Amino acid sequence: MAGILKNKIVLYLLIFIPGSFFGQKFTWGVTYTAFSASQMKFDQQYIILNQYDSYKIGPQNFHYGITTLLNVFNSGLFFNYDYRHCYAKAELNFQENSFCYWDPITQRVPENASFDNFFAYSCMELPVSFGIKLNRSRKIKPRLFGGITCELGESTFGNVISLLPINQTTDHAINSEMISRMKSANFYAHAGVGAEFYSNFVELRFEQSISNFNKVMDPYNANIKSVSMIHCVFGFTFSQKSYASRRFTREINKEKYD
Amino acid sequence: MIKLRRLLLSLSLILTFATCKQATDDDSTDTYSNGILSVQTVSYNANTYIFKVRYFVLSANNSNQLIHSETGGLPSLANFSSGITSYTFSCTSVSTLSTPPSGHHSTVLLLDEGKDAPYADAPLREQSSRRFLKTSGDDYGNNFTLAAFASGGLIPHDPVSIFSNGFITNANVFDIPLAQLHDTEFGGTSPVLHALDSIIQYFKGNASPNKNIVLMSTDLDDASPVLEDSLINRAVRNHIRCHIIRNSDSESNDLLLSKIAIKTGGLITPVQYLVGTDLPILSSRLNDILKGNFQCFEATFQMKANRSVFYSGYSLFAYLQLQLNPGQPTYLPFYAQI
């Protein structure tokens, strides 16, 4: 199922992106996630590692923070296609996310300043959204949207985009082991609200995992149950309309005034 | 020609020195796990008692296998006097042999979670328990269970709680209970004998010819209403070996524990939780020790007294001394009885 969906999304992006360069209502730009909150839920309270060790999982609530290069990072390109009140948008984002587990000695969630107890993974995100613009006549256009996000994980892209400063060898080994238990392609359903201002936008997006994250379900160990994320995304448009669109508008205007 | 010979001699001396230095460096970083496997009476008369002690010294540098016999030197026992009787010991021989094969084992791993079990030891105890259970589980044919005891606290059943429904072969079942035991700080006293006695009763339905209890003891027993001799008799009658891994950092009754271990045919080994290097070695080889055909040393000792003291029923409690690290002798408690 995941493989078919992944192929469809990649195929869609391949068709959508070049096609939209020649479309009439095409815009593209960059996205930056300014605020991010994430939550990973496990089905057991303890993770047992291959080195016969165990870690207690901390409180499974949302872990949030202002995104920086060292903390949680999510940024990339978007390609937008407008059609009347509706629009379709594809994105290509790099994402770095981290989830914390308890320090077994101090029995508490580590301070944000220390990254030693963070389980971090980096991936490429390919969200495809479909939405409607609620009031096109105003300068600020509210919008509702939903879609599917495909996440291609660290095992696919290696450590090239790993940004967390994991210093200790043991912690790195633990992170690697946890990442090795995850599938390399995961899927989310996302939905949200946003507002558009001169083709730039801000969105509040909720993402919920819809695929099984675990390569193998172990009934005697902690498996990832679900991952939820909330992103506050800013999009900055570089091109308002495509060359074809501008030429078409000029010709219409010329006909109108002639 | 002479110059060339001198040059070669100098080179060979330098190389020899460098090799020796390298060997010394390697030895100084080695870590060991050691224990007493059995004590057997060979012969005795009124003034002389000859007995054999089987012991092992596993080395991390030697892939957790037995060290070479010359590394640790000859084991020794300290001479002592008691009243007007003085005793002298001499080690007459040390040989390497294999213990008799015992086949696959049925084992209860019994953890002491009493109030005096230092909480800082919990991670090491948990990892080592898991390592032993997983190596036993990977070895098809063994079955085992996990039990823990502490009077009061959060251990649900008194005097001992068993964390599976009977003997099982899948060690993964104990992953979460071990993590929970690690995570919880228990209170109460440690009724070691009471817990051991309950586990011996629990073994009654088990038909395995190789029945073992591995006790990780950390505490003095000051609460059990059970007599040690009746417990030992019950274990011997049911062919159950009681192996004791005792915490040498805390105060414990070495005489009592070594008596239980040796008389039931089990091993006794002191582990240093604060150092933390010996328990991982032991736990990786414990499955092999329980199955038998395990390489060990056998030292023969001659004990002499200046008076006629040796008779049937005579018992001895002493510490075998090994020189594994220079200036730091290792002491292994053992119990012998004629």
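Position labels on residues start from 1 in each chain and follow its written sequence. Written order determines the labels here, with chains lettered from A and ligands numbered from 1. At least 70 in pLDDT is required for a residue's local features to be given in this predicted model, at least 80 for side-chain atom pairs to be given and counted, and no such filter applies to totals for whole chains, interfaces and linings, which use all residues.

### What to know about the overall build of chain A
Step number 1: Along its length, chain A carries 4 helices and 11 strands.
Step number 2: Scored against the burial criterion, the 258 residues of chain A give a buried share of 29%.
Step number 3: Each residue gets a C-beta atom placed from its backbone, and two residues are in contact if those atoms lie within 7 Å. The contacts in chain A between residues at least 6 apart in sequence include a share of 69% that link residues at least 24 apart. Working definition: helices are DSSP H or I runs of at least four residues, strands are E runs of at least two. Numbering for both runs from the N terminus. Put simply, a residue is buried when 20 or more other C-beta atoms lie within 10 Å of its own C-beta and exposed when 12 or fewer do; between those, it is partly exposed, and each C-beta is set from the backbone.

### Looking at the packing of helix α2 (residues 122-138) of chain B against helix α7 (residues 278-291) of chain B
Residues and elements named next belong to chain B.
Step number 1: Direction vectors running N to C along α2 and α7 enclose 20°, while the axes themselves pass 7 Å from each other. With respect to α7, the axis of α2 lies roughly parallel. Every pair of crossing elements has a handedness; the one defined by α2 and α7 is right-handed. Where α2 approaches α7, its residues L124, S128, R131, F132, T135 and S136 are matched on the opposing element by L279, P280, S283, S284, L286 and N287. Under this scheme, a helix contributes an axis fitted over its contacting stretch, all axes are lines through C-alpha atoms, and angles between N-to-C directions fall in the 0 to 180 degree range. Here roughly perpendicular refers to angles of 65 to 115 degrees, roughly parallel to angles under 35, roughly antiparallel to angles over 145, and oblique to all remaining angles. With the far helix as reference, a near helix turned anticlockwise by less than a right angle produces a left-handed crossing, and one turned clockwise produces a right-handed crossing.

### Considerations on the packing of α2 of chain B against helix α3 (residues 175-183) of chain B
Residues and elements named next belong to chain B.
Step number 1: Between α2 and α3, whose axes approach to 9 Å, the crossing angle comes to 165°. The pairing of α2 with α3 is recorded here as roughly antiparallel in orientation. Two packed elements cross with a definite hand, and for α2 against α3 that hand is right-handed. From α2, A122, P123, E126, S129 and R130 reach across to α3, where they touch D175, L178, A179, L181 and H182.
Step number 2: When grouped by side-chain class, the residues that make up the contact of α2 with α3 number 5 nonpolar, 2 polar and 3 charged. Basically, the charged four are Asp, Glu, Lys and Arg, the nonpolar ten are Ala, Val, Leu, Ile, Met, Phe, Trp, Tyr, Cys and Pro, and anything else, Gly included, counts as polar.

### Section: the interface of chain A and chain B
Step number 1: On the chain B side, the residues contacting the 10 residues of chain A number 12 residues.
Step number 2: Its residues assigned to classes, the side of chain A that touches chain B comprises 5 nonpolar, 3 polar and 2 charged.

### So, helix α4 (residues 192-202) of chain B
Residues and elements named next belong to chain B.
Step number 1: Most of α4 sits inside the fold, with 9 of its 11 residues counted as buried.
Step number 2: For α4, the full list of buried residues reads V192, L193, H194, A195, L196, D197, S198, I199 and I200.
Step number 3: Where α4 is buried, its residues meet β6 (106-112), β7 (143-149), β9 (211-217), α5 (228-237) and β10 (240-247).

### Quick word on the nonpolar core
Step number 1: Judged by nonpolar contacts, the single largest core of 80 residues is most densely connected at I36, L110, L196, I199 and F334 of chain B.
Step number 2: Ranked by residue count, the leading element in this core is strand β2 (residues 48-59) of chain B, at 7 residues.
Step number 3: Just so you know, the domain bounds were taken from an automatic or database domain assignment. Split by domain, this core shows at least three residues from each of two domains, domain 1 (31-99 + 295-337) and domain 2 (106-291) of chain B.
Step number 4: I199 of chain B has contacts with V108, L110, A147, V160 and I213 of chain B, leaving out every residue within four places of it along the chain.
Step number 5: For our purposes the nonpolar core covers buried Ala, Val, Leu, Ile, Met, Phe, Trp, Tyr and Cys residues that link as a set through C-beta atoms within 7 Å. In terms of nonpolar packing, the next biggest core, distinct from the first, is built from 10 residues, M40, A120, C123 and I224 of chain A among them.

### Observations regarding the domain arrangement of chain B
Residue and element names in this part refer to chain B.
Step number 1: Looking at the assigned domains, one finds that chain B contains domain 1 (31-99 + 295-337) and domain 2 (106-291).
Step number 2: The interface of domain 1 with domain 2 comprises 17 residues on the first partner and 16 residues on the second.
Step number 3: Mapped by element, the contributors of at least two residues to the side of domain 1 that touches domain 2 are β1 (32-44) and β14 (328-337).
Step number 4: The element contributing the most residues to the side of domain 1 that touches domain 2 is β1, with 8 residues.
Step number 5: When grouped by side-chain class, the residues that make up the side of domain 1 that touches domain 2 number 11 nonpolar, 6 polar and no charged.

### Things to note about α2 of chain B
Step number 1: For α2 of chain B, which comprises 17 residues, the first-to-last C-alpha distance of 24 Å matches the rise-based estimate of 24 Å (1.5 Å per residue) to within 8%.
Step number 2: For α2 of chain B, a buried count of 13 out of 17 residues is recorded, marking the element as mostly surrounded by other parts of the structure. The span one expects for a helix is its residue count, reduced by one, times 1.5 Å.

### Quick look at the pairing of strand β13 (residues 315-325) of chain B
A regular strand places its side chains on the two faces of the sheet in alternate fashion.
All names here are of chain B.
Step number 1: Only strands joined by at least two bridges in the DSSP assignment are considered to pair. Strand direction decides the pairing type here: β13 and β14, joined by 9 bridges, are antiparallel. Looking at the pairing, Q321 lines up with Y331 of β14.
Step number 2: Linking β13 back to β14 in an antiparallel pair, the connection comprises 2 residues, with G327 at a positive phi of about 80°.

### Here we look at the confidence of the model for chain A
Step number 1: Note: pLDDT gives the predictor's confidence per residue, expressed from 0 to 100. Of all residues in chain A, 66% have pLDDT values of 70 or greater, and the mean over the chain is 76.
Step number 2: Counting interchain partners and residues more than four positions distant, the pLDDT-below-50 stretch residues 159-167 of chain A has 20 contacts.

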